[in-house]
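As a plain string of letters, each chain reads:
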Amino acid sequence: MRRTVFLWSAVILLLAVAFVFGLKTGFDLGMAHSFYVDAPAKGVIATQRLNALHEGKLPFVITGLEFEVDQSILWHNDFLNSRWV
């Protein structure tokens, strides 16, 4: 009887761990997918910055590029700390 209870407890624990691992993996894949979903919006922003650069509006372009650098540093840090590396 004790052996059966122990085995069922182990099975339930393994299923719970697998479920949590699956949720985390799905969340990570969802975040990667959202990066590609935002790509068209980033293209529009890049076009606006190029137009501003051609018009000589340098502060607008510099602020935008600094923002992109900051975002890249943050994303790179998350990527290096993830389990995919």
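Small disclaimer: the values here were computed from a predicted structure and weren't measured.

Participant: What is the right way to look at the overall build of the protein chain in this model?
Facilitator: Of the regular secondary structure elements, the protein chain holds 3 helices and 0 strands. For the protein chain, the succession of helices and strands along the chain, N to C, is α-α-α. Sorting the 85 residues of the protein chain into buried and exposed places 7% on the buried side. For the protein chain, the accessible surface area stands at approximately 7600 Å², while carbon and sulfur atoms represent 73% of it.

Participant: Is there a simple way to explain the confidence of the model for the protein chain in this structure?
Facilitator: Should the pLDDT be low somewhere, the predicted coordinates at that spot are not to be read in detail. Confidence in the prediction of the protein chain, expressed as mean pLDDT, is 77, and 79% of residues score 70 or more. Mean pLDDT in the protein chain bottoms out at helix α2 (residues 39–54), which sits at 77, and peaks at helix α1 (residues 2–37), which reaches 79.

Participant: Hey, could you run me through a nonpolar patch on the surface in this one?
Facilitator: Residues Leu50, Leu53, Leu58 and Ile62 make up a contiguous nonpolar surface patch of roughly 360 Å² in combined accessible area. Contributions of two or more residues to the nonpolar patch are made by α2 and α3 (58–80). Assignment of secondary structure puts Leu50 in helix α2. You can call Leu50 partly exposed: its relative accessible area is 48%.

Participant: When you look at the side chain of Arg49 in this model, what are you seeing that I'm missing?
Facilitator: Position of Arg49 among the secondary structure elements: in helix α2. Not counting residues within four places of it along the chain, the set of residues in contact with Arg49 comprises Phe60, Val61, Gly64, Leu65 and Glu68.

Each value, and the rule that gives it
Residues numbered from 1 in each chain as written. Predicted model: local features only at pLDDT ≥ 70, side-chain atom pairs only at ≥ 80, totals over all residues. Heavy atoms only, no water. Helix = DSSP H or I, 4+ residues; strand = E, 2+ residues; numbered from the N terminus. Buried < 20%, exposed > 50% of the residue type's maximum accessible area, 1.4 Å probe, protein only. Areas by Shrake-Rupley, 256 points an atom, 1.4 Å probe, with all protein chains shown as cover. pLDDT = per-residue confidence, 0-100. Patch = residues over 30% accessible without salt bridge, like charges linked within 9 Å, V, L, I, M, F, W, Y side chains within 5 Å. Salt bridge = Lys/Arg side-chain N within 4 Å of Asp/Glu carboxyl O. Contact = heavy atoms within 4.5 Å.

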